[in-house]
Amino acid sequence: MGQCGSCCRSCWGQTKDDEANKDEKFGSGTQNKDLSDGPVKNRRMTDILWIPVFIAAQVIYIIVTIAGCQDGNPAKLYSPRDFMGAYCGVEDNWNNGPNLGATGSLSLTMNLTSTVDLLMKQAVCSSPASEALTVGNANYGPLLSTQAERDKYLCDCCIAPCGGVCDGSLALEDFSDPTALFNSMSSKLQELTDLSKATELFSTGGANGEMFSTSAFWEEATKYFNQVCVTDCTVDYTTINGSSGIRTFTYKPPPDSDFYDIWNTLLNANTANPLVAKITELINASFTFEALPFATCPYNPEFCVPFPGVGFQELAGNSMYCTFDFAGEVIDAIGSGAAEALRAIGVMDIASSATTELGKLAGDFLSAIDAFIVISVLSFVIGIVFLVVLRFTIGICVWIAIVISILMFILGGAFIFTLSIQCSDAGLLETGIQTSVAIAIAGTTAVSQTITGEEVSEECTGDCQDYRGVQHYSKNGLSCVTWDDPSRTRMSQYSSTAYPEADLEKNYCRNPYKANDTLKHDTIWCITSDELVKWEECYPIGVIIPECDDGHEIEPEEWRTILHYTSYVIWGLGGVWLIIIICMVKRINLAISLNKVAALFLARNPHIVLIPVVQAIVAIIWTLLWFLSASFLLSQVPADYTPTASYATYTEAYGTGGNCTFWSTITGETCVEGTPGMCNDQWPTGDVWKASAADCEWADGVAKCWRCSQPRYAF
């Protein structure tokens, strides 16, 4: 009983102590403040007030999304666009555009206007044509009846000097004999109109010479090719000859060309006139091209003329974009290496002309949505594995991250500092190495001289022949060898015996030469220990920023000064960050310990993983729904957003400053780069394209061929 009573008394006493210490346990400081119900009195839920606002926002979001689904088409955000801005694979294109539902691949065809331009001018501006148009003969007068017409022709062809049009005559081969002109031009055009002549077209020995066989042509691929939508990238252009559905197109200069009227004059000239008979025959017979069937290329024939010898393949698996692929006979003729080089140049030029837009980025996301889901799942799995591993590596990871952050300050400042002193004839890495070597040597030398009490002057003047310092490393950190080393076989003519006044002591850098020497350097140098670098310049110890004889990489000096002091600011911030880290060591270690506890808790309660799994799934679904909704909204470009009229000139349609509309919209400032055109007077802007001759509009004798295309998206 005594033990039991003692035990009971002990338990009762402990309970009384606990009750007495209740206020103290939940107190703060020395006050007996009861915190058992939390630090804040009268707590209540406040989020409930925002629930109606949240619900209202979601209702509005759903209503807007439903409205967007009626007119929006997400395919317009990622589908390729042809030269007129129509979407490949989309049936209903803006402004009664072509039905491209069955043609979902973006390929390239010959741009006749650019490709035939020089050949057209060679025919129209030839001596026989010039004589027929401006002079005539005894039986036939000049085809151009007025002097104003003749003067304009001579000016357009650069036959006569005239201001504002030419700075010299056209660099084209001229023929005085109409028959010779006919034969030469026929051979050149046959290589373009006959797909079986592709080998000759790309050969320097062909009738067109180097026109299409050198990199200069492929560097301007965007100029000589049209972007059109076709059924697929594997269409064999070389087999269209004689197949069903083939169309033909006879070339003539576009209506807004200076040569349009001249071409028609020659085309309709009296063939009895010996001056123009051959030219008229050439125009009628040699400028006719075969075009792809409408089912393959649903455009006017002039936009569907294949380029001889140029085929296409998919840019990547299941891609909607086609890339160049030369025909086998062309590769055999010019070699696989040359063909690949030309193909790569053409692809680079086409790619460089492409623009990245907000809507296109959203479309790319939609087209790669399967990859997004896979990456999301893999990221989650990797994250779970990381959490498990983190239990054992959290400390290492945290301190490595801290060290990396400090190094980023050091290296970032070093990069900016090096850039501020970089010479124009030195690379950034080379400058960095030289600066690091100079700083390291200056530091070690200062320490050494402090210990020994020895002080050596590093001064030099002019070409530094008077230098007597102790630098023994080249500017790139190569160690110097002793001037009088008997084992040295390289540059043995330099020794203390040969140059007694140069003080060739030990392996110190010097600039030894005699007064009558013709070979002398302009600063100190030394013979290095490197087998490849026999000798190299040195900087006197303490010279961290050498002079740049050829100027600096960064100009003007004000920019270098800004960079110079910016590097010090970055280093200063790095120092502050280091001090903060030192002061927070205990808290960092506490955070590491807490993360270890959390990782241990996760290991002992694996079902907790289901919470982030559900959160991740909900987040992925929400993101997908949000992007789907946004894609419908972005792709809703109002029908009247872009004008449907035609314009006489490119400048009238596009303007003189492509970015003016954007900057004026964003900044509200007047654009100084130029003036927006009718097609891009608001942002987001569309583009411009040139219609075929048959679709041009005429007003007061002026052809209006330039039209607008809508942007991919609008807000």
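Keep in mind that what you see is a predicted model, and the values were worked out from it rather than measured.

A few points about the overall build of the protein
When helices and strands are tallied, the protein shows 24 helices and 12 strands. Here the protein, with 715 residues, has 38% of them falling under the buried criterion. Of the contacts made within the protein by residues no fewer than 6 positions apart, 66% connect residues no fewer than 24 positions apart. Summed over all atoms, the accessible surface of the protein reaches about 40,300 Å², with 59% contributed by carbon and sulfur.

Examining the side chain of S629
Take S629: it is sitting in helix α22 (residues 610–634). Here S629 is in contact with Y61 and T65, once residues within four sequence places are set aside.

Some details on the side chain of R707
For R707, the position within the fold is in strand β12 (residues 706–709). No salt bridge is formed by the buried R707; its nearest oppositely charged neighbour, E697, is found at 4.3 Å. Of the polar contacts made by the side chain of R707, one reaches the side chain of S646; its length is 3.0 Å. Excluding its chain neighbours within four sequence positions, the residues that come into contact with R707 are A645, S646, C679, D687, V688, W689, A691, D695 and E697.

Some details on the environment of D151
Here D151 shows up in helix α8 (residues 147–156). Sequence separation between D151 and C162 is 11 residues, and the spatial gap between their C-alpha atoms is 9.3 Å.

Thoughts on the layout of surface pockets
Within this model, the second largest pocket holds a volume of roughly 730 Å³. Taken together, 37 residues make up the lining of the second largest pocket; nearest its centre are N93, W94, N95, N96 and G97. Here the lining of the second largest pocket is built from residues that sort into 17 nonpolar, 13 polar and 7 charged.

Looking at helix α7 (residues 127–134)
The element α7 is largely enclosed, with a buried count of 6 among its 8 residues. All buried positions along α7 are accounted for by P128, A129, S130, A132, L133 and T134. In the core, the buried residues of α7 are packed alongside α6 (117–124), α8, α9 (178–193), α13 (260–267) and α14 (277–286). Following α7 by one or two positions, G136 adopts a phi angle in the positive range, close to 80°.

Topic: a nonpolar patch on the surface
The grouping of I48, L49, W50, I51, V53, F54, I55, V59 and I63 at the surface amounts to a nonpolar patch, some 960 Å² of accessible area in total. With respect to the secondary-structure elements, L49 resides in the loop between α2 (22–25) and α3 (51–71). In this structure L49 comes out as exposed when scored by relative accessible area, which is 65%.

Some thoughts on the packing of aromatic side chains
Under the counting rule described, the total for this entry stands at 18 aromatic pairs. With centroids separated by 5.9 Å and ring planes inclined at 75°, the aromatic side chains of F83 and W689 adopt a geometry described as edge-to-face. Within this pair, whereas F83 is found in the loop between α4 (75–78) and β1 (105–110), its partner W689 is found in strand β9 (residues 687–690), the two being separated by 606 residues in sequence. Looking at W689, the relative accessible area reads 11%, which means it is buried.

Description of the nonpolar core
In this structure, F225, Y299 and F307 are the most contacted members of the largest nonpolar core, which totals 69 residues. A total of 5 residues in this core trace back to one element, the largest contributor, which is α9. Other than its neighbours up to four places away in sequence, Y299 contacts D82, F83, M84, P98, L100, V228, C229, R247, F294 and C304. Of all hydrophobic cores here, the second largest spans 16 residues; its members include W483, M491, Y499 and C538.

Focus on α6
Among the 8 residues that make up α6, 6 are buried, leaving the element largely enclosed by the rest of the structure. Taken as a whole, α6 has its buried residues at L119, M120, K121, Q122, A123 and V124. Looking at the buried positions of α6, the neighbouring elements they touch are α7, α8, α9, α13 and α14.

Comments concerning empty space enclosed by the protein
Following the criterion strictly, the structure yields 3 cavities of 30 Å³ or more and no others. Residue lining of the largest cavity: 13 residues in total, with A438, Q471, Y539, P540 and V543 positioned closest to the centre. Within the lining of the largest cavity, the residues separate by chemical class into 8 nonpolar, 4 polar and 1 charged. Estimated volume of the second largest cavity: approximately 40 Å³. As for the second largest cavity, its lining consists of Y641, T642, P643, M678, C679, N680, D681, Q682, P684, T685 and G686. Grouping the constituent residues of the lining of the second largest cavity by class yields 5 nonpolar, 5 polar and 1 charged.

Examining the pattern of salt bridges
Working definition: two side chains of opposite charge can pair if their charged atoms are close together. Overall, the coordinates contain 8 salt bridges when judged by the stated rule. Ionic pairing is found between E281 and K278, a salt bridge with its closest N-O pair at 3.7 Å. Here the residue E281 and the residue K278 both occupy positions in helix α14, the gap between them amounting to 3 residues, near one helical turn. The residue R468 makes a salt bridge to D503 at a minimum N-O spacing of 3.6 Å. Placement of the pair is R468 in the loop between α19 (428–452) and β7 (525–527) and D503 in the loop between α19 and β7, with a sequence separation of 35 residues. Assessed through its relative accessible area of 34%, R468 is described here as partly exposed.

Some remarks on the environment of G101
Counting through the fold element by element, G101 comes out in the loop between α4 and β1. When the C-alpha atoms of G101 and C229 are compared, they prove to be 9.7 Å apart, with 128 residues separating the residues in sequence. Setting aside residues up to four positions removed in sequence, G101 forms contacts with G89, V90 and E91.

Examining the state of the cysteines
Two cysteines joined by a covalent bond between their sulfur atoms form a disulfide. Across all of its chains, the model carries 9 disulfides by this definition. Paired by a disulfide, C679 and C708 hold their sulfur atoms 1.9 Å apart. When the S-S torsion is -70°, as for the bridge of C679 with C708, the disulfide is left-handed. Taken together, the residues C679 in the loop between α24 (660–667) and β9 and C708 in strand β12 connect sequence positions 29 residues apart.

Notes on the pairing of strand β3 (residues 247–250)
Burial along β3 is one-sided: R247 and F249 are buried, while T248 and T250, pointing the other way, are not. Of the pairings in the sheet, the one linking β3 to strand β4 (residues 288–291) comprises 4 bridges and is antiparallel in character. Within β4, the position partnered with R247 by the bridge is A291.

Topic: the packing of α9 against α14
Two numbers describe how α9 lies on α14: the axes approach to 10 Å, and their chain directions differ by 10°. Of the possible angle classes, the one that applies to α9 and α14 is roughly parallel. Facing P178, T179, L181, F182, M185, S186, L189 and T193 of α9, the residues of α14 in contact are K278, I279, E281, L282 and S286. Residue classes in the contact of α9 with α14 are distributed as 7 nonpolar, 4 polar and 2 charged.

What counts as what
- As a convention, each chain's residues are numbered from 1 in the sequence order in which they are written.
- Per-residue local features of the predicted model are confined to residues with pLDDT of at least 70, and side-chain atom pairs are confined, for both listing and counting, to 80 or more; whole-chain, interface and lining totals are unaffected and use all residues.
- Hydrogens and water are ignored here; the side-chain numbers use all heavy atoms of the structure.
- Put simply, DSSP marks the helices as runs of H or I at least four residues long and the strands as runs of E at least two long, and each gets a number from the N terminus on.
- Relative accessibility thresholds used throughout: buried, under 20% of the residue-type maximum; exposed, over 50%; partly exposed, between the two (1.4 Å probe, protein chains only).
- Two residues form a contact once any of their heavy atoms are found within 4.5 Å.
- All accessible-area figures derive from a Shrake-Rupley calculation using a 1.4 Å probe, and residue coverage is judged against the displayed protein chains alone.
- By the counting rule applied here, Lys and Arg register as positive and Asp and Glu as negative, while His and the ends of each chain are not counted.
- One side-chain nitrogen of Lys or Arg within 4 Å of one carboxyl oxygen of Asp or Glu is enough to make a salt bridge.
- Counted as a polar contact is a pair of N or O atoms within 3.5 Å, where, for protein atoms, one must be capable of donating a hydrogen and the other of accepting one, and residues adjacent in sequence contribute only when both atoms are in side chains.
- Grid spacing is 1 Å over the protein atoms alone, the probe is 1.4 Å, and a cavity is where that probe fits but cannot get out, while a pocket is an open set with protein on both sides within 12 Å along at least five of seven lines and lining residues have an atom within 4 Å of a point.
- Grid points are joined across faces, edges and corners, and a volume is the space filled by probe spheres set on the points.
- For this classification, Asp, Glu, Lys and Arg are treated as charged, while Ala, Val, Leu, Ile, Met, Phe, Trp, Tyr, Cys and Pro are nonpolar and the rest, including Gly, are polar.
- Here the term patch refers to residues with relative accessible area over 30% and no salt bridge, with like charges joined within 9 Å and nonpolar side chains (Val, Leu, Ile, Met, Phe, Trp, Tyr) within 5 Å.
- Stacked, edge-to-face and tilted are the three classes for Phe, Tyr and Trp ring pairs, Trp counted by its six-membered ring, which pair at centre distances within 6.5 Å; planes under 30 degrees apart are stacked, over 60 edge-to-face, the rest tilted.
- Buried Ala, Val, Leu, Ile, Met, Phe, Trp, Tyr and Cys residues form a nonpolar core when they are joined through side-chain atoms within 4.5 Å.
- Cysteine sulfur atoms that pair up within 2.5 Å are treated as a disulfide.
- Between any two strands, at least two bridges found by DSSP are needed for them to pair.
- For helices, the fitted line uses only the C-alpha atoms of the stretch in contact; every axis is such a line through C-alpha atoms, and the angle between N-to-C directions lies from 0 to 180 degrees.
- We call two directions roughly parallel when the angle between them is under 35 degrees, roughly antiparallel when it is over 145, roughly perpendicular when it lies between 65 and 115, and oblique otherwise.

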